[in-house]
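# Coordinate analysis (summary)
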Amino acid sequence: MATRKITAFALRTPLLALCFARAAAMNAADTNIEIQLRALQQQNEALQSQLHQQRELIDALRHDVAGIRQANEQHDAEIQNEKAAVAQPEAAKSAGFNFGKVHLSGEGGAGLFETGSQGASPNSEFRVDEAKLFVDAQVWGDVYAFAELNLATREEPDVNLHLGELYLDVEDISKLWGHPGQLNARVGRMDIPFGEEYITRDVIDNPLISHSLSDIWGVDEGLELYGTLGKFNYVAAVQNGGIPDTRDFNGDKSVTGRLAFDATPHLHFSVSGMRTGDLSSHQDALSAMWFSDGFFRSLGAGTIFHANLVEADAEWRLPHGHLKAFGGYIRYNDNDPAANNGRDVYYYSVEGVHDVFGKLYAGARFSQIFAPNGFPIVANGDMGAYLFGPLTDRMWRLSLGLGYRWNEHFVLKTEYTLERGREIGGENRDHEDLFATEAVFGF
């Protein structure tokens, strides 16, 4: 019996040892698996952290690329803004000939013009509509001299040489404090920077032949500051205000300013303001600013007259054309002791141009003036009859035209303009329609 117990114990001991050995092996295997799982978890967390960092880097790169694109678009817009602020004839910039530091260019147009019996061209006349030379020369560093020589213009009754603009242009004054383009200056004889129609008034820049009914523009002596600030550009000028080219008969100066904003490279806005300053009715006689193919003049027996103006402009630049619109208000007054000659004048214009096919384009412009108490509105009429004759209280103009751009330097244009108005005495103005066709060029 004792022998059997010893034998049983002897058999159980190896079995227990084997079980303990297996249990220990299994426990060790479990420990290794747990270590491996922890290592895999740590690797996964590290990979997720790297992935998150890569995503942040990609987002940052995308933001930088968008910023670069926006900066490029803003730079392009600033270039367009600077061109508008400079308001220098585009033909003088894009074409011409260089003779050392001197750049010579020009433009012109000639064709056939016919108006109704009360218009400025009742006899179907051939005309040199415009002939201009531009001279631009570097004086020193960023200082330039610019001169516009008019051999013929629509407003002059002769083909004698007349001086247009002539000024000294000091560019990039703001480089002194590290911001090029913010401040530039001109001194001399310059375009009056009111509104925006005058910027594209030359024949090579104007898609039609006629201008708007208000057609506000002028050239005068003075000082001008202009520049760009991001998407904004500005121009401000102090000028003599009167028509004489070499004298100023009143110390009160003309002040003009325009602030423009390019919301996008295709959408442009601006607002302008001007006061002609007090002008002498006996010595200045007329303002330097033109209005509807005439001038501002004294309406009474006073010795001093003036006009204040404000205008808003908008342009939508399309891939194959544009839409433009502007509207403004004029307040005229004088010191006539015997009468109140104060006048309110309202005007607006809407213009659209679109490519029809190839090099052929079509354009249309509708413009209108309201002067409830009457105002000198020459329009397509004879200047002698309507600048100093009966006053007009309302008028509209519809211009329809076609043009063919052979290239950027040569364009053929034709146009028909309907014009209707009414004098304050009730007489209609309905014999001033215009038909015109001309060839224009720039070099």
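The structure this text deals with has already been given above.
The structure reproduced in this document is the subject of the present report. (Residues numbered from 1 in each chain as written. Predicted model: local features only at pLDDT ≥ 70, side-chain atom pairs only at ≥ 80, totals over all residues. Heavy atoms only, no water.)

## Considering unusual backbone geometry
If you check the backbone angles, aspartate 215 has positive phi at about 45° while not being a glycine. Secondary-structure assignment places aspartate 215 in the loop between strand S6 (184-191) and strand S7 (217-229). Despite not being glycine, alanine 379 shows a phi value in the positive range, around 55°. Note on placement: alanine 379 falls in the loop between strand S17 (360-375) and helix H3 (383-386). (Helix = DSSP H or I, 4+ residues; strand = E, 2+ residues; numbered from the N terminus.)

## Points about the environment of glycine 273
With respect to the element layout, glycine 273 can be found in strand S10 (residues 267-275). Considered as a pair, glycine 273 and arginine 258 are 15 residues apart in the sequence and their alpha carbons are 6.5 Å apart. With residues up to four places along the chain from it excluded, the contact list for glycine 273 reads Phe194, Val255, Thr256, Gly257, Leu309 and Val310. (Contact = heavy atoms within 4.5 Å.)

## Let's talk about the side chain of serine 367
Mapping serine 367 onto the fold places it in strand S17. Engagement of the side chain of serine 367 in a polar contact is seen with the backbone nitrogen of leucine 213, the distance being 2.9 Å. In this structure, serine 367 is in contact with Ser212, Leu213, Tyr348, Ser349, Met395, Trp396 and Arg397, ignoring residues within four places of it in sequence. (Polar contact = N/O pair within 3.5 Å; in protein donor to acceptor, adjacent residues only side chain to side chain.)

## Points about the environment of glutamate 156
Looking at where glutamate 156 falls in the secondary structure, it is placed in the loop between strand S4 (143-152) and strand S5 (162-170). Between the C-alpha atom of glutamate 156 and that of aspartate 129, which follows or precedes it by 27 residues, the distance is 9.8 Å.

## A closer look at the pairing of strand S8 (residues 232-239)
Looking along a regular strand, one sees side chains alternate from face to face of the sheet. As defined by bridge partners, S7 adjoins S8 across 8 bridges and the pair is classed as antiparallel. In the strand pairing of S8, glycine 227 is matched with tyrosine 234. Hairpin connection of S7 to S8: 2 residues between the antiparallel strands, including glycine 230 at a positive phi of 65°. As defined by bridge partners, S8 adjoins strand S9 (residues 254-264) across 8 bridges and the pair is classed as antiparallel. Within the sheet, the bridge partner assigned to tyrosine 234 lies in S9 and is leucine 259. (Pairing = 2+ DSSP bridges.)

## Some points on the pattern of salt bridges
Within the structure shown, the criterion is met by 22 salt bridges. A salt bridge links lysine 175 to aspartate 142; the nearest nitrogen and oxygen atoms lie 2.8 Å apart. With lysine 175 in the loop between S5 and S6 and aspartate 142 in the loop between strand S3 (125-140) and S4, the pair connects residues that are 33 residues apart, well separated along the chain. A salt bridge links arginine 365 to glutamate 351; its shortest N-O distance comes to 2.9 Å. (Salt bridge = Lys/Arg side-chain N within 4 Å of Asp/Glu carboxyl O.)

## Focus: the packing of aromatic side chains
Here the structure, examined in full by the defined rule, presents 16 aromatic pairs. Ring centres of phenylalanine 296 and phenylalanine 375 lie 6.1 Å apart, and the angle between their planes is 65°; on these two criteria the pair is classed as edge-to-face. Taken together, the residues phenylalanine 296 in strand S13 (residues 294-297) and phenylalanine 375 in strand S17 connect sequence positions 79 residues apart. In terms of burial, phenylalanine 296 and phenylalanine 375 fall into one category: buried. A centroid spacing of 6.3 Å and a plane angle of 45° characterise the contact between tyrosine 348 and phenylalanine 366, whose relative ring orientation is tilted. Here the residue tyrosine 348 occupies a position in strand S16 (residues 343-357), and phenylalanine 366 occupies one in strand S17, the gap between them amounting to 18 residues. By relative accessible area, which is 29% here, tyrosine 348 ends up partly exposed. Residue phenylalanine 366 is classed as partly exposed on the basis of its relative accessible area of 28%. Each member of the aromatic cluster is reached from another via a ring pair, and the members are Phe291, Phe296, Phe326, Tyr332, Tyr347 and Phe375. (Phe/Tyr/Trp six-rings, centres within 6.5 Å; stacked < 30°, edge-to-face > 60°. Buried < 20%, exposed > 50% of the residue type's maximum accessible area, 1.4 Å probe, protein only.)

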